[in-house]
Amino acid sequence: MTASKRNTAYIVAIATALVFVTFFTLGATTQFILHQIDSRQSQRPEVFWEAWELLEQEFYGSIPSAQERTYGAIRGALAVLDDPYTILLEPQTGEVERNRLTGAYGGIGVDLWRNSDGAVVLSPFPASPAETAGVRTGDVLLEIDGLPVDTRTLDDIRVQLRGPAGSTVTATLSRPPTPPFQLVIARAEILLPSVTYRTLDRDPAIGYLHITTFTERTPRETEQALQSLLDSQVEQLVLDLRGNGGGLIQPAVSVAGLFLDGGVVMHEVQREGQQTLHASDGGLAADLPLLVLVDRSTASAAEIVAGALQARQRGPLIGQPTYGKGSVQRVYTLSDGSALHVTAAIWLLPGQEPIADSGLTPDIPVVQEDTLLDTALERAIDYFQTGE
Amino acid sequence: MENRTTTIVVRVLLVAALLACTATAAFIAGIGVSRLAETGETNILPTTVSPVPQPTAGDGGPVYPDPNPTPPPTSPDEEAFQLFWEVWDIVQQEYYGEVPDMQAVTYGAIRGMLETLDDEYTSFIEPEIASILNEDASGSFEGIGAFVRMRDDGKLEIVSIIPNSPAEASELRDNDRVLAVDGQSIVGLGIYEAIAFIRGPAGTDVVLLIERPGTEEHFEVTITRARVQIPLVEAEILEGNIAYVRLTEFSSTATAQLEEALEGLMAQRPAGIILDLRNNPGGWLNEAVSVADLFLDDGIVLIERVSDGREEIFESHDGDMLEDIPLVVLVNGGSASASEIVAGAIQDRGRAALIGEQTFGKGSVQRPHRLSDGSELRVTIARWFTPNDVAIHGQGLTPDIEVPLPEELEAGQDPQLERAIEYLLSGE
């Protein structure tokens, strides 16, 4: 090896070492700085713990449990999102909420409506306390616990009939030609059907189908109801979505599909992208002439159904503008039993436009008149009978 | 020759490649070693600090992927607080819409936690507002010297101008609207944000863009900021040689300003004094005690009790110039907190009559804490009681002579003040 070659080798070795040290330090420093930035961010909630501890040390008066303060902190943090639908329901409320979505309550198990004379007509659910006690479809309700029902709203009457399972209610019924009689009915836990249906007194060729909420059982209940109406030879159908505040999305899409023959029901836009939900081909009532009743409290999943049927020109909407809720929540059960609702998406009508804040606009606006008769339903029957 | 050149080029390239590889390897190794060191550190900390066994995993309910697993809780409180992170992880993953930054979320969480205390006086104040409020509570600030309010249309309006301030020396007038500060629009900002723009170190200039009702063109006003004393006291001699002194707040300079004003009034040997505490929302506790002391001889001013029953007694002492002169204190529903301490002591000790309306009824004491990011937490730490051990929280003080205001008051009319003068002149 010549001297110059050895020198070159030394130089290369030293240069390599220098470069190694320099870049090693550089690498370590970079990571250190990155870590500092990172930990500064994660330390921000420190202010929270400072406040938490100061309160425990100094607050005058009794301080709520750590759990209650945590619920408070969660409510406060969620409030920053400024989204009324992203909420935490604490365990007790969460339980009621789940009951509502599974559809259970204490009552006697009847559907009720007013006939054209204004009388309150009953129809017991199968195997319900009402049916067991002897109530038959078509019985007219006169009194509850001795108080006449004639001037009360249907909602009031429903509330009167409900109560804790095991308690009793006395109903006075009329079933001409039998003279009015009383039945004592023990309330029980009722699995609330999300769907009720009947043929209309004024025109038995018109079926009436009322969906009150969208639970997991709703598509099956709707299908059975439709089948039963079709079996009774109805030629037209009123789909009532009034007072339906929504519920689960997937069942709503399935229900919309019963009235469509394939095609788009809605689009769901999440942070990661968009998804289109379709109706299955050959819905059971895809060809049945249809009218949809809506009102102010028709919201969310119910608006998806009404919106799809309107956009797909399946039938006119009758009633009042709907609620106008274009967001979709996911519900999570947390480790302590609370339910967290998070707005996880917005939905779009089949034509890709979002629902307006003012809701869906009915094709035929109808205001409830000051009468015990159902103005919108009467209007729907007129529409079927006159074609306008 | 050509062959040799090629050899050299190849060698140089080889060396360069070697150096580059070394550099990259070293850089990665540096990052790796540094990260290892950190992980070691964070692993050690919680285990040495934590005396609590690991919590058991929650049972039931779906399991969610955890993007940033939180460290094991180190106290029962933090264990209870895990639910917060459970919620927030879901929100960060799922929420459709913008997730606010951690600071806003933290402040929201603090406010939510305070809500559960059910005490409106325990409050959280964000850094920007805290610094303005603290400066104000000190009795002076560095700025231009104008009282402002935020109009509904988002424009900042000059309500009044403080005497002897830079604003008074400028072209600024009452009812002017400030649209921009140093070229930056402040329309639509929160009032404290807007104030923060206008304030600044004494000696610096600030340029305000002004809209004046009745004047077509907007115009600029340049003002040199200075330290401005917030006037807390109004003093004058009324008919019948009655001294009138009004205190608007109990900031740090309240006693000093009041004393100075009273010295001027006393020089005129008044027949009596009216202390007006109407619409005075309070301030510092020690200022309340020293203001009360101006009018009271030896005795109790208030008793303060903390949660566990321990008490502290605040007293007044002999030797002030106003301990004997006939006195009347004016109060109303806007007299709160420190105002009620002063009025309550004067009433209980039989020093003077209260005239006016029932007071507000705030009998709690807050301690302000500066948090690490400059925000402030005011914690209710005690209740206070009058010298006769009467609680006024939620009750207020009942005046000895109640003088309600008529529904419609003509401008310049003040029946409560008139009654006070009459009382001092007639003795009843």
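Criteria and cut-off values
Residues numbered from 1 in each chain as written. Chains lettered and ligands numbered in written order. Predicted model: local features only at pLDDT ≥ 70, side-chain atom pairs only at ≥ 80, totals over all residues. Heavy atoms only, no water. Helix = DSSP H or I, 4+ residues; strand = E, 2+ residues; numbered from the N terminus. Buried < 20%, exposed > 50% of the residue type's maximum accessible area, 1.4 Å probe, protein only. Contact = heavy atoms within 4.5 Å. Areas by Shrake-Rupley, 256 points an atom, 1.4 Å probe, with all protein chains shown as cover. Axes fitted to C-alpha atoms, helices over the stretch in contact; angles between N-to-C directions. Parallel < 35°, antiparallel > 145°, perpendicular 65-115°, else oblique. Left-handed = near helix turned anticlockwise from the far one by under 90°. Pairing = 2+ DSSP bridges. Expected span 1.5 Å × (residues − 1). Buried area = accessible area lost by both parts, 1.4 Å probe. Salt bridge = Lys/Arg side-chain N within 4 Å of Asp/Glu carboxyl O. Polar contact = N/O pair within 3.5 Å; in protein donor to acceptor, adjacent residues only side chain to side chain. 1 Å grid on protein atoms, 1.4 Å probe; cavity = no way out; pocket = protein on both sides within 12 Å on 5 of 7 lines; lining within 4 Å. Points joined across faces, edges and corners; volume = space filled by probe spheres on them. Nonpolar A, V, L, I, M, F, W, Y, C, P; charged D, E, K, R; others polar. Core = buried A, V, L, I, M, F, W, Y, C linked by side-chain atoms within 4.5 Å. Patch = residues over 30% accessible without salt bridge, like charges linked within 9 Å, V, L, I, M, F, W, Y side chains within 5 Å. Right-handed = clockwise from strand over helix to strand, strands pointing away. Phe/Tyr/Trp six-rings, centres within 6.5 Å; stacked < 30°, edge-to-face > 60°. pLDDT = per-residue confidence, 0-100.

J.: With reference to specific residues and values, describe the overall build of chain B.
T.: Counting its secondary structure elements, chain B contains 10 helices and 19 strands. For chain B, the proportion of its 428 residues judged to be buried stands at 44%. Nonlocal contacts in chain B, meaning residues at least 24 apart in sequence, comprise 65% of its contacts between residues at least 6 apart. As displayed, chain B offers around 21,700 Å² of accessible surface, 52% of which is attributable to carbon and sulfur atoms.

J.: I'd like a rundown of the packing of helix H7 (residues 218–231) of chain A against helix H8 (residues 249–258) of chain A, residues and numbers included.
T.: Geometry of a packed helix pair, given as the angle between the helix axes and the separation of the axes. Residues and elements named next belong to chain A. Between H7 and H8, the least distance of the axes is 8 Å, while the angle of their chain directions is 20°. Of the possible angle classes, the one that applies to H7 and H8 is roughly parallel. Along this stretch, H7 crosses H8, giving a crossing that reads as right-handed. For the pair formed by H7 and H8, the contact residues are Thr218, Pro219, Thr222, Glu223 and Leu226 on the first element and Pro251, Ser254, Val255 and Leu258 on the second.

J.: A description of the sheet that holds strand S16 (residues 317–319) of chain A should follow, citing residues and the corresponding values.
T.: Residue and element names in this part refer to chain A. The strand order across the open sheet formed by 6 strands is S10-S11-S12-S15-S16-S19, and the pairing between neighbours is mixed. Here the strands that pair on one side only, and so sit at the sheet edges, are strand S10 (195–199) and strand S19 (364–365). Docked against the sheet, H7 engages S10, strand S11 (206–211) and strand S12 (236–240), running at close to 5° with respect to S10. Lying over the sheet, helix H10 (residues 375–386) contacts S10, S11, S12, strand S15 (290–294), S16 and S19, oriented at roughly 160° with respect to S15.

J.: A description of H10(A) should follow, citing residues and the corresponding values.
T.: Residues and elements named next belong to chain A. In this model, H10 (12 residues) spans 16 Å end to end at C-alpha, consistent with the 16 Å of a helix rising 1.5 Å per residue. All buried positions along H10 are accounted for by Thr375, Ala376, Leu377, Ala380, Ile381 and Phe384. Looking at the buried positions of H10, the neighbouring elements they touch are S10, S11, S12, S15 and S16. Just past H10, the residue Gly387 takes up positive phi, approximately 80°.

J.: Explain the interface of chain A and chain B to me, using residue names and the numbers behind them.
T.: With 66 residues of chain A in contact, the opposing surface of chain B contributes 72 residues. Taken together, the two surfaces of chain A and chain B that pack against each other cover about 6,000 Å², and 73% of this comes from carbon and sulfur. Per-residue buried area on chain A facing chain B is highest for Glu58(A), Tyr60(A) and Arg271(A); these three make up 12% of the total on that side. Across the pair Glu58(A) and Arg367(B) runs a salt bridge, and its minimum N-O distance is 2.7 Å. Summed over the shared surface of chain A and chain B, the result is 13 residue pairs in polar contact (both at pLDDT 80 or more).

J.: So what's going on with the environment of Leu18(B)? Which residues, and what values?
T.: Mapped onto the secondary structure, Leu18(B) falls in helix H1 (residues 2–49). A relative accessible area of 41% means that Leu18(B) is categorised as partly exposed. Setting aside its immediate chain neighbours within four residues, Leu18(B) contacts Val12(A) and Thr16(A).

J.: Which residues make up empty space enclosed by the protein, and what values go with them?
T.: Applying the stated rule across the entire model yields 1 cavity of 30 Å³ or more. Volume-wise, the largest cavity comes out at about 60 Å³. Contributing elements (two or more residues each) for the lining of the largest cavity: helix H2 (46–58) of chain A together with helix H2 (76–94) and helix H3 (102–115) of chain B. Sort the elements by how many residues they give to the lining of the largest cavity and H3(B) lands first, with 4 residues. The residue inventory of the lining of the largest cavity, partitioned by class, reads 9 nonpolar, 1 polar and no charged.

J.: So what's going on with the nonpolar core? Which residues, and what values?
T.: One finds Phe84(B), Trp88(B) and Phe295(B) to be the most contacted residues of the largest nonpolar core, which totals 89 residues. Of the residues forming this core, the biggest block, 8 residues, is contributed by H2(B). In contact with Trp88(B), not counting residues within four places along its chain, are Ala77(A), Leu78(A), Leu81(A), Val99(B), Met102(B) and Val105(B). With 42 residues, the next largest nonpolar core counts Ala225(A), Leu237(A), Ala252(A) and Val294(A) among its residues.

J.: Help me get a handle on the side chain of Asp176(B), residues and values and all.
T.: Along the chain, Asp176(B) turns up in the loop between helix H5 (166–169) and strand S5 (177–181). There is a polar contact of 2.9 Å between the side chain of Asp176(B) and the backbone nitrogen of Arg173(B).

J.: Lay out a nonpolar patch on the surface in plain terms, naming residues and giving numbers.
T.: Residue and element names in this part refer to chain A. On the surface, Tyr10, Ile14 and Leu18 cluster together to form a nonpolar patch covering roughly 350 Å² of accessible area. Mapped onto the fold, Ile14 is located in helix H1 (residues 3–43). Classification of Ile14 by relative accessible area gives exposed; the value is 53%.

J.: Could you give an account of the pairing of strand S16 (residues 353–356) of chain B, with specific residues and numbers?
T.: All names here are of chain B. The two faces of S16 match: Ala353 and Ile355 on one face and Leu354 and Gly356 on the other face are all buried. One ladder, built from 4 bridges, connects strand S15 (residues 327–331) with S16; its direction is parallel. Within S16, the position partnered with Leu330 by the bridge is Ile355. Tracing the backbone out of S15, into helix H9 (residues 338–348) and back to the parallel element S16 gives a crossover that is right-handed. Here S16 runs beside strand S19 (residues 401–402); their pairing, made up of 2 bridges, is parallel. Following the sheet pairing, Ile355 is matched in S19 by Ile401.

J.: Account for the packing of aromatic side chains, with residues named and values stated.
T.: All names here are of chain A. Here the structure, examined in full by the defined rule, presents 11 aromatic pairs over all chains. A centroid spacing of 5.7 Å and a plane angle of 40° characterise the contact between Phe48 and Trp52, whose relative ring orientation is tilted. One end of the pair, Phe48, and the other, Trp52, are both in helix H2, 4 residues apart, so they sit about a helical turn from each other. Residue classification places Trp52 among the buried positions, given a relative accessible area of 1%. Seen from their ring centres, Trp49 and Trp52 are 5.1 Å apart, and the 55° between their planes marks the pair as tilted.

J.: Which residues make up the confidence of the model for chain A, and what are the values?
T.: Residue-level pLDDT values for chain A average 88, and 91% of them are 70 or greater. Per-residue pLDDT stays below 50 along residues 36–43 of chain A; that stretch engages in 0 contacts with residues further than four places along the chain or on separate chains.

J.: Requested: an account of the sheet that holds strand S12 (residues 272–276) of chain B, with residues and values cited.
T.: Residues and elements named next belong to chain B. Strand order in this open sheet of 6 strands is S10-S11-S12-S15-S16-S19, and the pairing throughout is mixed. Each having just a single partner strand, strand S10 (233–238) and S19 make up the two edges of the open sheet. Packed onto the sheet, helix H10 (residues 415–426) meets S10, strand S11 (242–247), S12, S15, S16 and S19 and runs at close to 165° relative to S15.

J.: How would you sum up the pairing of S12(A)? Please name residues and give values.
T.: Residues and elements named next belong to chain A. For S12, a buried count of 5 out of 5 residues is recorded, marking the element as mostly surrounded by other parts of the structure. Side chains Gln236, Val238 and Asp240 project from S12 onto one buried face, and the interleaved Leu237 and Leu239 project onto a second face that is buried too. Pairing analysis gives 5 bridges linking S11 to S12, with the strands arranged parallel. In the strand pairing of S12, Leu209 is matched with Leu239. As defined by bridge partners, S12 adjoins S15 across 4 bridges and the pair is classed as parallel. Paired with Leu239 across the strands is Val292, a residue of S15.

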